[in-house]
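Close look at the chain arrangement
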Amino acid sequence: MAVYHQGSRAVQDRVGVRESADHVGRAVGSGIKPVAAAFLELQPMLIVGAADPADGRVWATPLSGPPGFVRATGPHRMSVAGGATHAPPTTALTTEGTFVGTIALDPRTRRRMRLNGRLQPTARGFAVEADQVFSNCPKYLQRRKTYETVPDRVPEAPLRAAELTDAQARFIGEADTFFLTTVHARGADTSHRGGNPGFVHVTSPRELTWPDYPGNAMFLTLGNLLTDPRAGLLFLDWTTGTTLQLTGEARTEYGTDGERRVHFTLTEAVETRFALPLRWSPPEYSPANPEPAR
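These numbers come from a predicted model, not from an experiment. (Residues numbered from 1 in each chain as written. Predicted model: local features only at pLDDT ≥ 70, side-chain atom pairs only at ≥ 80, totals over all residues. Heavy atoms only, no water.)

**Here we look at the packing of helix α1 (residues 6-15) against helix α2 (residues 18-25)**
Packing of α1 against α2 leaves a shortest axis separation of 8 Å and a crossing angle of 130°. Taken as axis vectors, α1 and α2 run oblique relative to one another. Along the contact surface, α1 presents Arg-9, Gln-12 and Asp-13, while α2 presents Arg-18, Ala-21 and Asp-22. (Axes fitted to C-alpha atoms, helices over the stretch in contact; angles between N-to-C directions. Helix = DSSP H or I, 4+ residues; strand = E, 2+ residues; numbered from the N terminus. Parallel < 35°, antiparallel > 145°, perpendicular 65-115°, else oblique. Contact = heavy atoms within 4.5 Å.)

So, in structure tokens, the structure goes:
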């Protein structure tokens, strides 16, 4: 499978980074190296993104479990045991052949690993046959030194709505991290977005926007959005485990000064209080974070 499709190539050419993208793209493979396998087995959380086969909506969904619930079970296969979720898209995680994009992010070490491929249900959860495996630099990733598992934390029933509440808008405005799933004709991808609190702006109950900070020059996300505007966002409270999932469509605005901004229009929001049993320590913000525009 080629690293880039025509959408990513179009964005790379527009920004003038095709040569850099080709260099970075050589690090993308389909195999899970021993160092990556060891990294996976240490993680208590995995973010999985996909389009729901039932209605086509794209979601980013968190899964959690004791370290080892995610592990490499073959040179091109990642297995997830447990980590059950009642959040969308539940049908995608039980449908064979679903394209999924996953990211394992460790705030303790500011490392992250992305693995994209096709899902296969298993007796204990699911597996992903990898098409793309790669790591990203720690840019814009906040450090959280420790976490603890809260065993008596029970998820509440998800709350669904077509608009954001004032409390949800404040939650987004205070976030320093979110996850973003996009799709294309031959796959899905889930990435991380980070910055100082305030880098995401809610402009109306159904609209939000954020700057696209300079990254690795691959433009997988913006390339996907160029060919398919569907997107899923995940915001999480690193203390209480509450999650806010958004699905809708996104577009990229290119400024004359070279800056880029993504605008997202909400279709549905799903808030699940106490969804994750993890309580992380306060963040140390990345030194790469720009000050958000006011």
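**Thoughts on the packing of aromatic side chains**
Going through the model one piece at a time under the given rule, you end up with seven aromatic pairs. Judged by centre distance (5.0 Å) and plane angle (70°), the rings of Phe-178 and Trp-210 are edge-to-face. Here Trp-210 lies in strand β13 (residues 207-211) and Phe-178 lies in strand β10 (residues 177-184), a separation of 32 residues in the sequence. We classify Phe-178 as buried; its relative accessible area is 0%. Where Trp-238 meets Trp-280, the ring centres are 5.9 Å apart and the plane angle is 80°; that geometry is what we call edge-to-face. (Phe/Tyr/Trp six-rings, centres within 6.5 Å; stacked < 30°, edge-to-face > 60°. Buried < 20%, exposed > 50% of the residue type's maximum accessible area, 1.4 Å probe, protein only.)

**Details of the environment of Arg-9**
Considering the arrangement of structural elements, one finds Arg-9 in helix α1. Distance from Arg-9 to Asp-166, taken between C-alpha atoms, is 39 Å for residues 157 residues apart in sequence. Among all residues touching Arg-9, those that are not within four sequence positions of it are Tyr-4, Arg-18 and Asp-22.

**Here's the deal with the sheet that holds strand β4 (residues 77-81)**
By way of backbone hydrogen bonds, the strands of a sheet pair with one another, either parallel or antiparallel. Pairing within the open sheet is antiparallel, and its seven strands lie in the order β2-β1-β5-β6-β7-β4-β3. In this open sheet, the two edge strands, each paired with only one partner strand, are β2 (58-64) and β3 (70-74). Geometrically, the sheet is characterised by an average inter-axis angle of 35° between neighbouring strands, direction not taken into account. Here three bridges tie strand β1 (residues 45-51) to strand β5 (residues 99-106), and the two strands are oriented antiparallel to one another. Of the residues in β5, the one forming a bridge with Gly-49 is Gly-101. (Pairing = 2+ DSSP bridges.)

**Concerning the pairing of β1**
A large share of β1 lies buried, amounting to six of its seven residues. The sheet contact formed by β1 and β2 spans seven bridges and is antiparallel. Considered in β2, the bridge of Ile-47 is made with Pro-62. Where β1 folds back on β2, the antiparallel hairpin that results is connected by six residues, among which Gly-56 adopts a positive phi of roughly 80°.

**Brief notes about the pattern of salt bridges**
In the structure shown here, the tally under the stated rule is 15 salt bridges. Ionic pairing is found between Arg-18 and Asp-13, a salt bridge with its closest N-O pair at 2.8 Å. Of the charged contacts in the structure, one is a salt bridge between Asp-176 and Arg-144, with a shortest N-O distance of 2.9 Å. Taken together, the positions of Asp-176 in the loop between α4 (166-173) and β10 and Arg-144 in the loop between β7 (125-136) and β8 (147-149) put the pair 32 residues apart, joining distant regions of the chain. When salt bridges with common partners are traced through the structure, they connect Arg-57, Arg-160 and Glu-268 into a single cluster. (Salt bridge = Lys/Arg side-chain N within 4 Å of Asp/Glu carboxyl O.)

**Quick notes on empty space enclosed by the protein**
Per the counting criterion, the structure on display carries two cavities of 30 Å³ or more. At the level of elements, β11 (187-194) and α5 (220-227) are the ones that each hand at least two residues to the lining of the largest cavity. Partitioning the lining of the largest cavity into residue classes produces six nonpolar, six polar and two charged. (1 Å grid on protein atoms, 1.4 Å probe; cavity = no way out; pocket = protein on both sides within 12 Å on 5 of 7 lines; lining within 4 Å. Points joined across faces, edges and corners; volume = space filled by probe spheres on them. Nonpolar A, V, L, I, M, F, W, Y, C, P; charged D, E, K, R; others polar.)

**Regarding unusual backbone geometry**
Phi is positive for Tyr-140, which is not a glycine, with a value near 65°. Structurally, Tyr-140 can be placed in the loop between β7 and β8. Judged by relative accessible area, which is 10%, Tyr-140 ranks as buried. The phi dihedral of Phe-219 is positive, around 55°, even though this residue is not glycine. Along the chain, Phe-219 falls in the loop between β13 and α5. Here Phe-219 falls in the buried class, since its relative accessible area comes to 13%.

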